[in-house]
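# Understanding the architecture of this molecule
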Amino acid sequence: HKERERALHTMSAPGLRKRYGAPPKSPRSPRSSSRGRSRPPASPKTPERKGDHVFADLPPPPPTSPMTPRAKAEQFLRTRADTLKRLPTHKRFWFTVGTLLGLILPSFLIAPKVLYVTGVTETDVMDDFITKSLVPFIDEFVPKNPLLQDFGGPGKMLAEEGAKAKHPVFLVPGFITTGLELWEGEPCAKKYFRQRMWGSTTMVQNMLQDRECWGRHLSLDPKSGLDPEGVRLRAASGFESADFIIGNYWVWARIIENLAAVGYDGSNMSMFSYDWRLSPKKLEERDRYFSKLKVEVEVAVDSGSGEKAMLISHSMGSNHMVYFLQWVTQPTSKGGGGGGKDWVDRYIAGHVNIAGPLLGTTKGLTSIFSGEMRDTAEMSPFEPMLQNFFGREKRRQMFSTWGSIWTLMAKGGDAIWGNEGLVTFTDGADKVPAHNPHPDLADFGTAEKRTTQEFIDLLVKWGGGHGEDYHKLIGVSFPPEPPPSPGSDWHNPLDHPLPRAPDFTHYCLYGFGVDTEISYYYKKNPNNETHSNPYIIDTSVKGESIRYGVRYSDGDATVPLVSLGYMCRSGWKDDTEVGKRLNPSKSRVVTREYKDGGGLGSDLSDPFRMGPQSADHVDIMGNVAMIEDVVRIATGFQGGVTESVVVSE
């Protein structure tokens, strides 16, 4: 084959004829030219013989041995890693905007108001378009990824090698990835009864038709931290509650599929969805979420094969499992589950924490502070349109009522996040106009920089506009203040040690190598007279690792690396002073890092995702190396996963 290539590209046409013999000239058929002249007739065509071809005497290509499915997959991954380059930031931004417009604009064409009145939207027109038109088109014309074809995924590969279901598995989704269904609402939302106000194209239609109505239903009551009067949104249930969200945007689907390949189904695997807006305390108070999880785990272990359960959580679900491990061992008199100090050791084999922000995020602070974050800052070219549609003040008012975001605020203060300044003011250090209602908020801009701890102290006093007792109402506390009620600090792994469970294993699986927001540049809000918050992100600031007023560091595009890895690599390690305090029974901690190797469009069979080597916060749920680790842990195949892989700096 190589000799043929060299002959083709290096030898001239005369050289080819001299070495291999000239092929017969092709006869020409008589035809008229554009000028009316005709060519002389050609000689009769001679039948072509195989030996007449210029390459006929070359040896045939050597036979190749068939590749195994795993070898094909590995070759595919190596090719992607070597040849694909990620799109520049500005191209990714415009690609995303174009995609959103491509999805939103058709909704105006196929779902005008007459359809809303007649109820046609109840059939979910967009879902029908995606599943019946778009997906078949992709299936027919887009090249298939061998990871999803011959390879079949890590689950199929391990099943062929002998892996089988072992531990009962409980899947716990993360922030905003569970659908929320309407069970009671205002007249403007009555037609969406038992349909999703979050997590489907019905949500998009409702938001476009009446964003004020949609916003009121998604917000919580700041006086109770629960549903507003006359409104009830509840989490969808079952695997379908979080396998896909908004059409065919997969979240848990690939992990579920790979676990099914080794024998898991509804009898030994459960999706434990929840209302991700509520704080853990309110989640237990309203839905008895942790009580139900405790009972389900006990039933699965006691009435099954006797194998302990495996908790597998993603994103904020990992924070909720940290809370659960504290809650379940505490007596009921202190607001706990009454399981006893040895409950975890008796019932839980381990906790698989996928991309869990155990020490919070900086975007949790800014979303409560000004309703902004990287996602909104990068849309600054469309700021007027975004403000008119669902502006930062409306976003801030809604976000600040969600108790879950308060538990995602950065933990550990300056000792973890540094004292270089979480916020830098670009227009000088002076007070904002005196008409601002909260003095602490007005004084916040009197320094050029504010640290993480100063930011937390401000939000605790201001309460996101709901008063200084709001965090106490939702059952969340922040050091150095003492916990106002039992359990209000169970969400913080720096405050409470792991349960006494020497046979328990904590697995930390997370990605890195993706730009992740870490600090911000703010300025005074020129429209302060009409907003309760006098500060906004200064999107004009750009520089090294700074875009649209946001400074970036390492992480998974959502959670900074320090929050993903500190507890696993230091806080719970039994060979440190901190580890001896926070992991007294020396439970095993296994850390597995995955360096980003993805890129937008790197998998043509799934063009809107980052590919099978992505370390992105959500797309890591399709990372084949991570999925293989999850399947090995759940099945205990070949000893499970016992070695840490730490490659980040």
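In every chain, residue numbers begin from 1 and rise along the written sequence. Totals for whole chains, interfaces and linings use all residues, but because this is a predicted model, local features are given only for residues with pLDDT of at least 70 and pairs of side-chain atoms are given and counted only at 80 or more. The basis for every side-chain value is the complete set of heavy atoms in the structure, and neither hydrogens nor water enter the calculation.

## So, the state of the cysteines
Whenever a pair of cysteine sulfur atoms sits within 2.5 Å, that pair is classed as a disulfide. Throughout the structure, instances matching the rule amount to two disulfides. Paired by a disulfide, Cys188 and Cys213 hold their sulfur atoms 2.1 Å apart. Around the S-S axis, the bridge from Cys188 to Cys213 shows a dihedral of about 85 degrees and counts as right-handed. Note that Cys188 is positioned in the loop between β2 (180-184) and β3 (196-198) and Cys213 in helix α9 (residues 211-218), a separation of 25 residues in sequence. With its sulfur 1.9 Å from that of its partner, Cys508 forms a disulfide with Cys568. Between Cys508 and Cys568, the disulfide has an S-S torsion of -80 degrees and is therefore left-handed. Remark: Cys568 occurs in helix α24 (residues 561-571) and Cys508 occurs in strand β12 (residues 505-512); sequence separation between them is 60 residues. Here Cys508 falls in the buried class, since its relative accessible area comes to 0%. Only protein chains enter the accessibility calculation, which uses a 1.4 Å probe; a residue whose area is less than 20% of its type maximum is buried, one above 50% is exposed, and one in between is partly exposed. Note on Cys568: relative accessible area 1%, which makes it buried. What connects to what in the chain, once the bonded cysteines are numbered by sequence position, is 1-2, 3-4. What counts as a helix is a DSSP run of H or I of at least four residues, what counts as a strand is a run of E of at least two, and both are numbered from the N terminus.

## Comments concerning the sheet that holds strand β4 (residues 232-235)
Strands are labelled as partners when DSSP assigns at least two bridges between them. Pairing is antiparallel across the open sheet formed by three strands, whose spatial order is β3-β2-β4. Edge positions in the sheet fall to β3 and β4, since each has one partner strand and no second. Here the strands of the sheet are splayed against their neighbours by 45 degrees on average, with no regard to which way each runs. On top of the sheet, α9 reaches β2, β3 and β4; it is set at about 85 degrees to β3, its chief contact. Comment: axis = line fitted to C-alpha atoms, over the contacting stretch for helices; angle = value between 0 and 180 degrees taken between N-to-C directions. Here a residue-residue contact requires only that any non-hydrogen atoms of the pair lie within 4.5 Å.

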